[in-house]
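Coordinate analysis (summary)
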Amino acid sequence: MIILDVYIKSKNSLTMSLSTNSIIFDNYTGLEDMEKLGALNITINSSLPYDLNAYMPKELSNADGSSSMGINLLNIRDNTESSYSQFADTTNKVVLKSDCDKGNNKQHTIDLKLASDRSYKSDIYKTVIKF
């Protein structure tokens, strides 16, 4: 008689896809809040529970870096939440959802808002958000 031990090692996996990689706020003057409801849809497949966090690694600035907006002007939320969170700086995360259940085709819809502050020079300002 031969005895065979069989070991199965599961592999943890996480995949994420975004509905777009560019969100444009047209005609933002800075004098009033501007919201983009449903700005981004995220689909997640995860073999483990997960947290959904967002980071802004660089400030909101124009192409040549000569002008910038306060990082706290860009607000973000998972659309199941009632209030927005602000980016405090370029190193700390904003927690959008904690302890999300594992599974496939988990959907998250992200809303963005540019808060009013002051009038800004007409230009194109850009930043990056990492999830």
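Everything quoted here is computed from the prediction, not taken from an experiment.

Things to note about unusual backbone geometry
In this structure, Asp99 is a non-glycine residue whose phi angle is positive, near 50 degrees. Here Asp99 lies in strand β8 (residues 94-100).

Quick word on the packing of aromatic side chains
Tallied over the entire structure, the rule returns 0 aromatic pairs. Sitting over the ring of Phe25, Lys36 keeps its end group 5.8 Å from the ring centre.

Points about the pairing of strand β6 (residues 74-78)
In terms of burial, β6 is a largely internal element, 5 of the 5 residues being buried. Alternating positions in β6 separate into two faces, Leu74, Ile76 and Asp78 on one and Asn75 and Arg77 on the other, with burial throughout. By the bridge criterion, 5 bridges tie β6 to strand β9 (residues 103-114) in an arrangement that is antiparallel. Counterpart to Arg77 in the pairing with β9 is Asp111. Bridge count between β6 and strand β7 (residues 85-86): 2 bridges; the pairing is antiparallel.

Regarding the sheet that holds strand β1 (residues 14-18)
What the 5 strands build is an open sheet, ordered β1-β2-β9-β6-β7; its pairing is antiparallel. The outermost strands of the open sheet, each flanked by one partner alone, are β1 and β7.

Quick word on the sheet that holds strand β4 (residues 60-62)
Taking strand neighbours across the sheet as the criterion, the 3 strands line up as β5-β4-β10 in an open arrangement whose pairing is antiparallel. Each edge of the sheet is formed by a strand with only one pairing partner; in this case those strands are β5 (68-69) and β10 (125-126). Here 2 bridges tie β4 to β5, and the two strands are oriented antiparallel to one another. In the sheet register, Leu60 faces β5, and the bridge partner there is Met69.

Things to note about the pattern of salt bridges
Enumeration according to the criterion identifies 4 salt bridges in this entry. Salt-bridge contacts for Arg77 lead to Glu35; the nearest nitrogen and oxygen are separated by 4.0 Å. With a gap of 42 residues between them, Arg77 in strand β6 and Glu35 in strand β2 (residues 34-46) connect regions that are remote in the sequence. The class of Arg77 is buried, set by a relative accessible area of 14%. Arg77 is the salt-bridge partner of Asp111, the closest N and O atoms lying 3.0 Å from each other. Taken together, the residues Asp111 in strand β9 and Arg77 in strand β6 connect sequence positions 34 residues apart. No difference in accessibility class separates Asp111 from Arg77, as the two residues are buried. Members of the salt-bridge network, linked through shared partners, are Glu35, Arg77 and Asp111.

Cut-offs used in this document
Residues numbered from 1 in each chain as written. Predicted model: local features only at pLDDT ≥ 70, side-chain atom pairs only at ≥ 80, totals over all residues. Heavy atoms only, no water. Helix = DSSP H or I, 4+ residues; strand = E, 2+ residues; numbered from the N terminus. Phe/Tyr/Trp six-rings, centres within 6.5 Å; stacked < 30°, edge-to-face > 60°. Lys NZ or Arg CZ within 6 Å of the ring centre and 35° of its normal. Buried < 20%, exposed > 50% of the residue type's maximum accessible area, 1.4 Å probe, protein only. Pairing = 2+ DSSP bridges. Salt bridge = Lys/Arg side-chain N within 4 Å of Asp/Glu carboxyl O.

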